[in-house]
Amino acid sequence: MTRQIAVRPVPRGAVPGIAMVMAAGLGKRMRPLTATRPKPLVELAGKPLIDHVFDRLIVAGVGRAVVNVHYLADTMEAHLQGRFPEIDIAISDERGQLLETGGGLVKAKPLLGDDPILVVNSDNFWLDGPMDTLRLLASRWDDATMDALLLVVPLARANHHGGTGDFILDASGRITDRRKPGRVAPFVYTGIQILHPRVIADAPEGPFSTNLFWTRAIEAGRAYAQVHQGLWFDIGTPKAIPKTESVLLHG
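Position labels on residues start from 1 in each chain and follow its written sequence. Restriction of local features to residues with pLDDT of at least 70 applies here, the model being predicted, together with a cutoff of 80 or more for giving and counting side-chain atom pairs; totals for whole chains, interfaces and linings are based on all residues. Side-chain descriptors were evaluated using all non-hydrogen atoms of the structure, hydrogens and water having been removed beforehand.

**Some thoughts on helix α1 (residues 49–60)**
Defined as follows: Helix and strand assignments come from DSSP, with helices taken as H or I runs of at least 4 residues and strands as E runs of at least 2, each series counted from the N terminus. Multiplying 1.5 Å by the helix residue count minus one yields the expected span of that helix. For every residue, the accessible area (1.4 Å probe, protein chains only) is compared with the maximum for its type, and the residue is labelled buried under 20%, exposed over 50%, or partly exposed between those bounds.
Here α1 contains 12 residues, and its C-alpha end-to-end distance of 17 Å stays within 8% of the 16 Å for a straight helix at 1.5 Å per residue. For α1, every residue scored as buried is listed here: L49, I50, D51, H52, V53, F54, L57 and A60. Where α1 ends, the next residue or the one after it, G61, has phi of about 90 degrees, a positive value.

In structure tokens, the structure reads:
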């Protein structure tokens, strides 16, 4: 389901022209809402979660999106068919095996090109701060010093998130460490990042997490984070939907 739209390298500070939209998960924590539909098609404020993501990609000027599919893949493909004419959509087919986030990137790599890519979880929901979130993230990207740039949110502002944080940053925004067992880390990964394809290398076969690539980048001093300036919501369970909608309705 692709159209021939030229995607040119973008200048420094611009949002990457290609996005990888992660949409293959089983959505187990979102049951029973995912019994008959993929999690990205669960509605929030009257619109499927993945549509919220594509709306943001369009505003940011992304020209091509690669979407991986596995669970109820036919339903996902049918939903995307012709729905967003502004974006050339390619499907990375994981029907045969769910590859997790890292394996999914490896599978999709031939479709992603050689320039930095925007990677977005399809079940994300966020509100911008003073600046468009994706443009803010892109403005921080430095190809000379970074292999990964993650959008993070302070743990205290991670709405509906039940975890205890993910990363520790230094004053420059470089990720220095992960949360230690039994400790709390001040920042939570939002599911939005910029990755350079050069980090998607020397990978194992089959399913594995993007954590492998992050670990390499952290150890090399080439993993950084941008703190989100707006609101972010963890839409991980059915209970999170009415809670988020209440915030949107009442502020």
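**Here's the deal with the packing of α1 against helix α2 (residues 73–80)**
Threshold: Angular values range over 0 to 180 degrees, each being the angle between N-to-C directions of two axes fitted as lines to C-alpha atoms, with helices fitted over their stretch in contact. Here roughly perpendicular refers to angles of 65 to 115 degrees, roughly parallel to angles under 35, roughly antiparallel to angles over 145, and oblique to all remaining angles. A clockwise turn of the near helix away from the far one marks a right-handed crossing, whereas an anticlockwise turn of less than a right angle marks a left-handed crossing. In this analysis, two residues are considered to be in contact whenever any of their non-hydrogen atoms come within 4.5 Å of each other. Only Asp, Glu, Lys and Arg are considered charged in this grouping, and only Ala, Val, Leu, Ile, Met, Phe, Trp, Tyr, Cys and Pro are considered nonpolar; every other residue, Gly among them, is considered polar.
Running from N to C, α1 and α2 cross one another at 40 degrees; their axes reach a closest spacing of 12 Å. When the interaxial angle is binned, α1 and α2 end up oblique. When you trace α1 past α2, the crossing you get is right-handed. Of the residues in α2, those touching α1 at I50, D51 and F54 are M76, H79 and L80. Of the residues contributing to the contact of α1 with α2, the split by class is four nonpolar, one polar and one charged.

**Let's talk about the confidence of the model for the protein chain**
Selection criterion: What pLDDT conveys is the predictor's confidence in a given residue, as a value from 0 to 100.
Averaged over all residues, the pLDDT of the protein chain equals 91, while 94% of them reach at least 70. Here residues 2–10 scores under 50 on pLDDT; set against residues more than four positions off or in separate chains, the count is 19 contacts.

**With respect to the packing of aromatic side chains**
Short version of the rule: Any two rings among Phe, Tyr and Trp, with Trp reduced to its six-membered ring, count as a pair given centres within 6.5 Å; such a pair is stacked if its planes are under 30 degrees apart, edge-to-face if over 60, and tilted if neither.
Summed over the entire model, instances satisfying the criterion amount to five aromatic pairs. Centroid distance F125 to F233: 5.8 Å. Interplanar angle 45 degrees. Geometry classified as tilted. Here F233 lies in strand β14 (residues 231–233) and F125 lies in strand β7 (residues 125–127), a separation of 108 residues in the sequence. No difference in accessibility class separates F125 from F233, as the two residues are buried. What links up through ring pairs into an aromatic cluster is the set F167, Y189 and W214.

**Regarding the sheet that holds β7**
For clarity, the threshold we go by: Strands qualify as paired when DSSP identifies two bridges or more between them.
Sheet architecture is open: three strands sit in the order β7-β14-β9, paired in mixed fashion. At either end of the open sheet lies a strand with only one pairing partner, and these are β7 and β9 (158–159). Summarising the sheet, β9 and β14 pair through two bridges and their orientation is parallel. Across the sheet, residue N159 finds its bridge partner in β14, namely F233.

**Some thoughts on the pairing of strand β8 (residues 148–154)**
Burial runs high along β8: six of the seven residues are buried. Two elements, β8 and strand β13 (residues 223–227), share five bridges in a ladder whose sense is parallel. Of the residues in β13, the one forming a bridge with A148 is A223.

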